[in-house]
Amino acid sequence: MKKIFLTLLATGFLMSCGSKEPKPIKLNADPCDFCKMTISNSKFAAQLITQKGRHYKFDDIACMIQFAKSNTVVPYEAFFVNDYLKDNSFIPVEKSFLLKGGTINSPMRGNCAAFATMGKQQEYQNQLHAEAITWKEVYNSY
Amino acid sequence: MKNLLLTICALFFSIATAKTIAVGTQFPCKKIKQALLLAVDGDTILVYKGTYKEGNILISKKIVFLGKDFPTLDGQQKHEVVSISADSVIVKGFRIINSGYASLDDPCGIKVYDRTFIKIEDNILDNNFFGIYLQNCRNCLVKNNKITAYGKQEQLIGNGIHCWKSDNLQIIANKISGHRDGIYFEFVTQSVIWRNVSNKNIRYGLHFMFSNDDAYITNVFKNNGAGVAVMFTKNVKMYNNYFEENWGDSAYGLLLKEIADSYIFNNKFARNTSGIYMEGTSRIKVEKNVFESNGWGMKIQASCMDNEIVNNNYMKNTFDISTNGSLVLNTFNANYWDKYEGYDLDKNDLGDVPYHPLSLFAILTENTPSAMLLYRSFMITLLDKSEKVLPSITPDNFIDKTPLMKSLPL
């Protein structure tokens, strides 16, 4: 009995630590943690996780970067961006392929879209008249 | 003289030649597209009652496009229903339904491409992805349209009236519900939004982004997902509007973010989670508004400065004001606060002791929202009272020096 109780307690503690995986966005309900707008299009969404396991959700990659730059106190664990072609599917930024500009129209005018594969990035580069760009370049551009 | 006569003659001649083409089952012209081919600039196409499923109807001539008894134009959820690519077109009296859905090119009920002097009047739009979309337009009028969609949460849907990069627009007396944002302005200047009713939209009733020098007057924004947002903008006039029943964690009667030099006058904020939420807002005058039965009358973040809050009525709010810092760069003057317990010995209708609109508990809940559990407990009331006498946690300069004894007749 005591053992069960202890395991339960332990799991409870572990759960409360918060996961390091991105959480799905509730469309038209979750607000962006930077611009306060309700997120209504998950195509451009982004998510930031701190080392303590707290999740911040954003409606635009630009919002995430500006948020990250404005707060230098809390250490970050990971940055995620949403796949342009799939609702609520987050990719770690290191593994994403980014496009910027052209006819990409994001909610806060960051105008940056993320793709899961290089093939898709190249395919949409022509379609959207956009430029391929690295995460570092994007980070420094806002 | 002769020239003038000639011009007048020419004018009459051109009027005389402008013809009306009737479209309907009882006429030789049975299809709208057929009539559009026959028409020249200045003609009228009069469409009679019936259902027309002709895919995308592209108007590329200066014509008057009229519907009699609301003929239905059906996009069959595949097409943009009406596209306008000519100046001075009038679209009036249609029922426009079922535009395409959610593809990358934002299909609409009616979309105008880079045009001037367009009038869109008295139409009924039902179940479209975007309702009316003005892209890069000037001097256009959108009046008396009824725009309905059936968007749900967790679903992508377009805006009711979407205006992008435009100038000199008039949006008058439209009724919009069920879209993402009722009216959306992005890079729109010198425009007016007047007497619209925007209800039950998924996100905002009205949404301004990067749109300077506009006014919205006498509109009703009720029961929208998150109220109204005016962001990254300057010089906006907001008069005589109603902001009502916007409930939710991130819902605000009016959300102001990064906005300057604007004027909020004679509006009513009733039954919202927060009446006004301000962040990064400067040089705004909030005058003669009513804040009634809100959770928070106003939330003013510490990033706001030089705002003047004058002659407003604060009644029946759980908290009149709340803020997240100790910096106070805004002024409060001569407002009526129903929680004021001071006296007026010199009978000048102004309270003799200043009012602290910021309660201790408002600050506590701002930092620890779960402290709300203790609201109206004995201890909290006691703490609140002692804080009123000797401010320690609340900034002591956060005061209205001349609170009104009686509410203003607004």
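This one's a predicted model, so the numbers in the text were calculated from it and none came from an experiment.

Focus: the overall build of chain B
The helix and strand inventory of chain B stands at four helices and 38 strands. Its C-alpha atoms give chain B principal-axis dimensions of about 85 × 60 × 30 Å. A buried classification covers 43% of the 410 residues belonging to chain B. When contacts within chain B are restricted to residue pairs at least 6 apart in sequence, long-range pairs at least 24 apart make up 44% of them.

Description of the nonpolar core
Formed by 135 residues in total, the largest nonpolar core has its most connected members in A:I61, B:V82, B:I132, B:V228 and B:V230. Sequence-distant contacts of B:V82, defined by excluding residues within four places in its chain, comprise B:I57, B:I59, B:L73, B:V91, B:I96, B:G109 and B:I110.

Re the sheet that holds strand β6 (residues 112–115) of chain A
Each strand in a sheet pairs with its neighbour through backbone hydrogen bonds, running either in the same direction (parallel) or in the opposite one (antiparallel). Residues and elements named next belong to chain A. Strand order in the open sheet formed by three strands is β6-β5-β7, and the pairing between neighbours is antiparallel. Sheet topology places β6 and β7 (131–133) at the edges, where each strand pairs with a single neighbour. Averaged over all adjacent pairs, the angle separating strand axes in this sheet is 35 degrees, with direction ignored. Examined bridge by bridge, strand β5 (residues 97–100) and β7 share three bridges and lie antiparallel to one another.

Side note on the environment of B:F65
Residue and element names in this part refer to chain B. Looking at where F65 falls in the secondary structure, it is placed in strand β5 (residues 64–67). A sequence separation of 18 residues divides F65 from V47, and the C-alpha atoms of the two residues are 7.8 Å apart. Contact partners of F65, with chain neighbours within four places excluded, come to I45, I59, V89, I90 and V91.

What to know about helix α3 (residues 360–367) of chain B
Those residues of α3(B) not exposed but buried are B:F361, B:I363 and B:T365. Contacts from the buried residues of α3(B) go to α4 (378–389) of chain B.

Observations regarding the sheet that holds strand β3 (residues 76–82) of chain A
Residue and element names in this part refer to chain A. Spatial ordering of the open sheet is given by β2-β1-β3-β4, a layout of four strands whose pairing is antiparallel. The open sheet terminates on both sides in strands that have one partner only, identified here as β2 (55–58) and β4 (90–92). Taken pair by pair, the neighbouring strands of this sheet meet at an average axis angle of 25 degrees, ignoring direction. Sheet analysis places strand β1 (residues 46–50) next to β3, joined by five bridges and oriented antiparallel.

Cut-offs applied
- Residues numbered from 1 in each chain as written.
- Chains lettered and ligands numbered in written order.
- Predicted model: local features only at pLDDT ≥ 70, side-chain atom pairs only at ≥ 80, totals over all residues.
- Helix = DSSP H or I, 4+ residues; strand = E, 2+ residues; numbered from the N terminus.
- Buried ≥ 20, exposed ≤ 12 C-beta atoms within 10 Å, placed from the backbone.
- Contact = placed C-beta atoms within 7 Å.
- Core = buried A, V, L, I, M, F, W, Y, C linked by C-beta atoms within 7 Å.
- Pairing = 2+ DSSP bridges.
- Axes fitted to C-alpha atoms, helices over the stretch in contact; angles between N-to-C directions.

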